[in-house]
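Residue-level structure breakdown
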Amino acid sequence: MKLTEQDLRLLEFNSYDDYLNSLIDGKSLQYFGNRENLISLYRTGYRALTKEAFEAQRTFLQVTKDPNTLFSRNITPGDPFLQELAKRERPNRLGLLSTIIYMRYLKKSTEISGYIDYEEALRRVHHDQQYCNDWRAIFAGEKVLYPTPVDLLYYNAKTGRSRKNNSRNYQILCDPHRGIIFRNMYDRKDIHPDPLASCYGTNTSRIEVASELYEQVALYDHVVRKNY
């Protein structure tokens, strides 16, 4: 998503109150008559962002503009899986590493499984995006990450619904002998997610991570060799 000057303007404000005060002008005061009443009205979302939307949008802009600004910064995740994701956040954002997450998650007695392009999921944080992720809350253990219909592969065991999507980093191929293959769009190397495979691909490793949040989690780490 291309950032506009209006988007980036949010980064100028150190606090939500500074943002609200910037919206007040002589015309609005003349119409509403009172600064406090006007501020109270803005806090409801009338012609302004709510505090939650302001903070989410500002965090999104900071991370989009600077890959060194991390969602996991100053957070110590309690779950081993989240700890592993935190270690991989910066190299994924910088494009040095490309991690594919495989997981099986039990949601309201229904198993949801699939593969997630971690770097792409880190970008899906804008509140207007479908299936957006609140990564600060995920790393803090307040929300749970799970596969969605917009991820690489998605399967809902209860409904039988399945989806397959190419991402900005991977093209999905189907081999009659090796099954699903993820081809990296930058170095054209293939990742083989078969857990029984002796090799998962060039510059690719796989680890399973114990987690109290998920039925099963595996991470496929691909060291990207960009051709430029």
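Model, not experiment: these values are computed from the prediction. In this numbering scheme, every chain counts its residues from 1 along its sequence in written order. Local features are withheld for residues below a pLDDT of 70 in this predicted model, meaning they are given only at 70 or higher, and side-chain atom pairs are given and counted only at 80 or more; totals for whole chains, interfaces and linings count all residues. Side-chain metrics in this entry use all non-hydrogen atoms of the structure; hydrogen atoms and water are not considered.

Details of the overall build of the chain
Selection rule: The helix count covers DSSP runs of H or I at least four residues long, the strand count covers runs of E at least two residues long, and both are numbered beginning at the N terminus. We call two residues in contact whenever any of their non-hydrogen atoms come within 4.5 Å of each other. Note on areas: these come from Shrake-Rupley sampling with a 1.4 Å probe, and a residue is covered only by the protein chains present in the view. Charged-residue counts in this description rest on Lys and Arg as positive and Asp and Glu as negative, His and the chain ends being excluded. To locate a charge, take NZ of a lysine, CZ of an arginine, CG of an aspartate or CD of a glutamate.
For the chain, the count of helices and strands is eight helices and nine strands. Once local pairs closer than 6 in sequence are excluded, the contacts in the chain between residues at least 24 apart make up 52%. Accessible surface computed for the chain: about 12900 Å², of which carbon and sulfur atoms make up 46%. Looking at charge distribution, the chain has the averaged site of its 33 positive side-chain charges lying 3 Å from that of its 29 negative ones.

As for the sheet that holds strand 5 (residues 170–175)
The line we're drawing: When DSSP locates at least two bridges between a pair of strands, those strands are taken to pair.
What the three strands build is an open sheet, ordered 5-6-7; its pairing is antiparallel. Whereas interior strands pair on both sides, the edge strands pair on one side only; in this sheet they are strand 5 and strand 7 (190–191). Both strand 6 (residues 179–184) and strand 7 contribute to a ladder of two bridges, which runs antiparallel. Paired with Phe182 across the strands is Ile191, a residue of strand 7.

What to know about the nonpolar core
Note the following rule: We call a set of buried Ala, Val, Leu, Ile, Met, Phe, Trp, Tyr and Cys residues a nonpolar core when their side-chain atoms join them within 4.5 Å. The rule is simple: take the accessible area with a 1.4 Å probe, protein chains only, and divide by the maximum for that residue type; under 20% is buried, over 50% is exposed, in between is partly exposed.
Counting 21 residues, the largest nonpolar core has Phe81, Leu85, Ile101, Met103, Trp135 and Leu145 as its most contacted members. Listed by contribution, the elements that provide at least two residues to this core are helix 6 (80–93), strand 1 (97–107), helix 7 (118–123), helix 8 (135–139) and strand 9 (216–223). Residues contacting Leu145, with those up to four places away along its chain left out, are Phe81, Leu85, Ile101, Met103, Ile116, Asn133, Trp135, Ile138 and Tyr214. Ile100, Tyr115, Leu153 and Ala218 belong to the second-largest nonpolar core, a separate cluster that totals 13 residues.

Let's talk about the pairing of strand 2 (residues 110–117)
Counting buried residues in strand 2 gives seven out of eight residues, a clear majority hidden from the surface. Where strand 1 and strand 2 come together, eight bridges link them in antiparallel fashion. Across the sheet, residue Tyr102 finds its bridge partner in strand 2, namely Tyr115. Between the end of strand 1 and the start of strand 2, which pair antiparallel, lie two residues, with Lys108 showing a positive phi angle near 50°.

Topic: helix 4 (residues 35–43)
Filter applied, for reference: The directions considered for the arc are those from the helix axis to the C-beta atoms. In protein, a polar contact requires one atom able to donate a hydrogen and another able to accept it; more generally it is a pair of N or O atoms within 3.5 Å, and residues adjacent in sequence count only if both atoms are side-chain atoms.
All of the buried residues in helix 4 are Leu38, Ile39 and Tyr42. Buried residues of helix 4, seen end-on, are gathered within an arc of 100° and therefore sit on one face of the element. The N-terminus of helix 4 is capped by Asn34, whose side-chain oxygen sits 2.8 Å from the backbone nitrogen of Glu36. Gly45 occupies a position one or two residues after helix 4 and carries a positive phi of about 105°.

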